[in-house]
Amino acid sequence: MGTVGESGGWRPDILGDRFEQRTLPLGEDAEGEVVATLVRYRPPFRWRLDRGPAAGADVLYVHGWSDYFFNRELAERWAGLGARFHALDLRKYGRSLRDGQTPGYITNLDDYDADIAAALAAMGRTSDAPGEHPTGAARRPLILMGHSTGGLTLSLWAARHPGLASALVLNSPWLEFQLSRLGRQALAPVVGWGAQLNPGATLPNVDFGFYTRAVAAGEGGEWEYDHAWRPDRGFPVHPAWLTAILRGHATIEAGVDVGCPVLTLLSTRSTLQAQWSEAMRESDGVLVVDEIAERSLRLGREVAVARIDGALHDVVLSRPAAREAAYAAIDRWLRGYTPRR
């Protein structure tokens with residue numbers, strides 16, 4: 001679990017050299033102190049942040065469910081594109097998880113507005129508010145990048161805050177339930193009823209640990225991370241949290257406008273089954289990618305979808321060839337849609 005750190009200032013991060021973190025106080029709830037944590041990457045002095053297709057932009061990355069930010073390479077790649085990279089561990093995740101708290105628990109995705117607002121302020125974007133004339137850092141383009149549940153959260157946030165994001169890059173965003181629209185519509189009333197009776201109850205765990213097997217070092221993957229903050233079979237799921245997710249899916253299905261160009265990165269195929277297959281090392285073992293591709297088209301007027309052969313659910317944790325293809329897709333897309341204010 002995380003420990004309470006000094007708020008208000010930057011300090012060394014667990015990722016080591018060139019990474020710093022800052023605790024963002026968000027008040028209290030029934031489980032005690034609530035914080036988010038912003039991580040920033042400080043590239044070598046010789047690097048030029050005024051060059052590249054993302055020159056001068058601020059990037060804010062948000063992780064997915066049962067996750068936190070640990071991908072050093074992602075930060076380095078964005079800096080190489082010219083961006084100032086920041087990542088946010090949302091409340092009750094990773095660096096922001098406190099003893100006694102329910103991991104990842106929230107009952108309304110809109111509540112993350114406070115986490116994102118605090119992060120933008122810590123990034124120096126104090127004028128990022130509707131109707132205000134951007135000054136200082138807020139003149140820089142803001143590129144949002146979200147993975148899975150983070151992609152859903154940022155898509156909904158951008159639609160509620162038109163004009164603040166200059167571009168949205170989604171890494172396998174969880175825009176629809178795995179059982180499709182009909183499954184979601186059938187499940188939502190049952191889960192909603194359970195959320196009213198016992199919002200914090202624990203639902204059956206359907207995570208077999210296959211995704212961890214595809215990602216983690218020592219199991220055939222190549223990534224080292226904290227397995228307490230990213231459990232092998234995910235966090236326990238609760239009715240109130242799942243109700244919030246399903247409500248978000250319904251909002252996306254109805255159509256939103258995020259107000260900026262969107263790039264969605266997805267694997268070319270899914271492998272969802274109750275038995276391990278080596279195909280899970282080169283496919284999305286979490287979402288139905290064809291449905292996510294379709295849902296992405298409901299996010300706005302300018303949406304591009306890049307299908308990456310051999311990619312995992314988290315595209316930038318895939319094997320090297322697929323990762324390179326994903327970063328090349330981001331580079332190409334940025335050169336066509338370079339965000340400007």
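Analysis parameters
- Position numbers for residues count from 1 along each chain, tracking the sequence in the order it is written.
- In keeping with the model being predicted, local features are shown solely for residues with a pLDDT of at least 70 and side-chain atom pairs are shown and tallied solely at 80 or more, while totals for entire chains, interfaces and linings include all residues.
- Think of the side-chain values as coming from all heavy atoms in the structure, minus any hydrogens and water.
- Secondary structure elements follow DSSP: runs of H or I no shorter than four residues count as helices, runs of E no shorter than two count as strands, and numbering proceeds from the N terminus.
- Note on classification: 1.4 Å probe, protein chains only; a residue is buried when its accessible area is under 20% of the maximum for its type, exposed when over 50%, partly exposed between these limits.
- Method for areas: the Shrake-Rupley scheme with a 1.4 Å probe, in which residue coverage is limited to the protein chains shown.
- Among the buried residues, those of types Ala, Val, Leu, Ile, Met, Phe, Trp, Tyr and Cys that are joined through side-chain atoms within 4.5 Å form a nonpolar core.
- Contact definition: two residues touch when any of their heavy atoms are within 4.5 Å.
- A pair of Phe, Tyr and Trp rings is counted when the ring centres sit within 6.5 Å of each other, with Trp represented by its six-membered ring. The angle between the planes then sorts it: under 30 degrees is stacked, over 60 is edge-to-face, the rest tilted.
- As a reminder, the over-ring test applies to NZ of lysine and CZ of arginine, requiring each to be within 6 Å of the ring centre and within 35 degrees of the ring normal.
- One confidence number per residue, pLDDT, is output by the predictor and ranges from 0 to 100.
- Throughout, an axis means a line fitted to C-alpha atoms (over the contacting stretch in the case of helices), and angles, computed between N-to-C directions, take values from 0 to 180 degrees.
- Angular relationships are summarised with four words: roughly parallel below 35 degrees, roughly antiparallel beyond 145, roughly perpendicular across 65 to 115, and oblique for the angles in between.
- Should the near helix be turned anticlockwise from the far one by less than a right angle, the crossing is termed left-handed; should it be turned clockwise, right-handed.
- In this count, Pro and Cys sit with the nonpolar residues alongside Ala, Val, Leu, Ile, Met, Phe, Trp and Tyr, while Asp, Glu, Lys and Arg are called charged and the others, Gly among them, polar.
- In a helix, the anticipated span is given by 1.5 Å times the number of residues less one.
- Residues are called lining when one of their atoms sits within 4 Å of a cavity or pocket point, these points coming from a 1 Å grid over the protein atoms alone, where a cavity is a set in which a 1.4 Å probe fits but cannot get out and a pocket is an open set with protein on both sides within 12 Å along at least five of seven lines.
- Grid points are joined across faces, edges and corners, and a volume is the space filled by probe spheres set on the points.

A. Expanded view of the overall build of the chain. Secondary structure summary: the chain contains eight helices and nine strands in total. Going through the 341 residues of the chain one by one, you find that 54% of them count as buried. With an accessible surface of roughly 14200 Å², the chain has 51% of that area assigned to carbon and sulfur atoms.

B. Spatial organisation of the nonpolar core. Counting 50 residues, the largest nonpolar core has Leu 60, Leu 88 and Trp 241 as its most contacted members. In this structure, Trp 241 is in contact with Trp 65, Tyr 93, Gly 104, Tyr 105, Ile 106 and Trp 174, ignoring residues within four places of it in sequence. Listed in part, the 35 residues of the second largest apolar core include Phe 19, Leu 81, Val 316 and Ala 322.

C. Representation of the packing of aromatic side chains within the structure. For the structure shown, the criterion picks out 16 aromatic pairs. Ring centres 5.0 Å apart and planes at 45° place the aromatic pair Phe 19 and Tyr 41 in the tilted group. Residue Phe 19 is located in strand 2 (residues 19-29), and its partner Tyr 41 is located in strand 3 (residues 32-41); the two are separated by 22 residues in the primary sequence. Where Trp 65 meets Phe 235, the ring centres are 5.4 Å apart and the plane angle is 90°; that geometry is what we call edge-to-face. Here Trp 65 is found in the loop between strand 4 (58-62) and helix 1 (72-80), whereas its partner Phe 235 is found in the loop between helix 5 (210-215) and helix 6 (239-254), with 170 residues between them in sequence. In this structure an aromatic cluster arises from ring pairing among Phe 19, Tyr 41, Tyr 61, Phe 69 and Phe 85. In this structure, Arg 40 packs its charged tip against the face of Trp 10, placed 4.0 Å from the ring centre. Above the plane of the ring of Tyr 225 lies Arg 230, whose end atom (NZ or CZ) is 5.0 Å from the centre.

D. Layout of the confidence of the model for the chain. When pLDDT is averaged along the chain, the result is 89, and 84% of the positions lie at 70 or above. Scored below 50 in pLDDT, residues 1-7 shows 20 contacts in the model against residues more than four places distant or in partner chains.

E. Main features of the packing of helix 3 (residues 149-160) against helix 6. In contact at an axis separation of 11 Å, helix 3 and helix 6 are set at 55° when each is read in the N-to-C sense. With respect to their mutual orientation, helix 3 and helix 6 come out oblique. Crossing of helix 3 against helix 6: the hand is left-handed. Residue-level inspection shows Thr 149, Leu 152, Ser 155 and Leu 156 of helix 3 in contact with helix 6, the latter providing Ile 245, Gly 248, His 249, Thr 251 and Ile 252. Here the residues of the contact of helix 3 with helix 6 sort into four nonpolar, five polar and no charged.

F. Representation of the side chain of Glu 73 in the model. Mapped onto the fold, Glu 73 is located in helix 1. Looking at Glu 73, the relative accessible area reads 19%, which means it is buried.

G. Helix 3, seen in detail. Taking 1.5 Å per residue, 12 residues should reach 16 Å; helix 3 reaches 17 Å between its end C-alpha atoms and fits that length. Counting buried positions along helix 3 gives 10 out of 12 residues, so the element sits mostly inside the fold. Buried residues of helix 3: Thr 149, Gly 150, Gly 151, Leu 152, Thr 153, Leu 154, Ser 155, Leu 156, Trp 157 and Ala 158, and no others.

H. Region of interest: empty space enclosed by the protein. A full pass over the atoms with the stated rule returns two cavities of 30 Å³ or more. Approximately 70 Å³ is the volume found for the largest cavity. Tyr 61, Asp 67, Tyr 68, Phe 69, Phe 70, Asn 71, Leu 74, Asp 314, Val 316 and Leu 317 together form the lining of the largest cavity. Of the residues contributing to the lining of the largest cavity, the split by class is seven nonpolar, one polar and two charged. Roughly 50 Å³ of volume is contained in the second largest cavity. Residue lining of the second largest cavity: Val 62, His 63, Gly 64, Trp 65, Leu 90, Tyr 93, Leu 109, Tyr 112, Thr 149, Gly 150 and Thr 153, and that is the complete set. Here the element with the most residues in the lining of the second largest cavity is helix 3; it accounts for three residues. Each residue belonging to the lining of the second largest cavity can be placed in one class, and the counts come to six nonpolar, five polar and no charged.

I. Representation of unusual backbone geometry. The phi angle at Ser 66 is positive, at roughly 55°, despite the residue not being glycine. Following the sequence through the fold, Ser 66 ends up in the loop between strand 4 and helix 1. Phi at Ser 148 takes a positive value of approximately 55°, unusual for a residue other than glycine. Turning to its location among the elements, Ser 148 is positioned in the loop between strand 6 (142-147) and helix 3.

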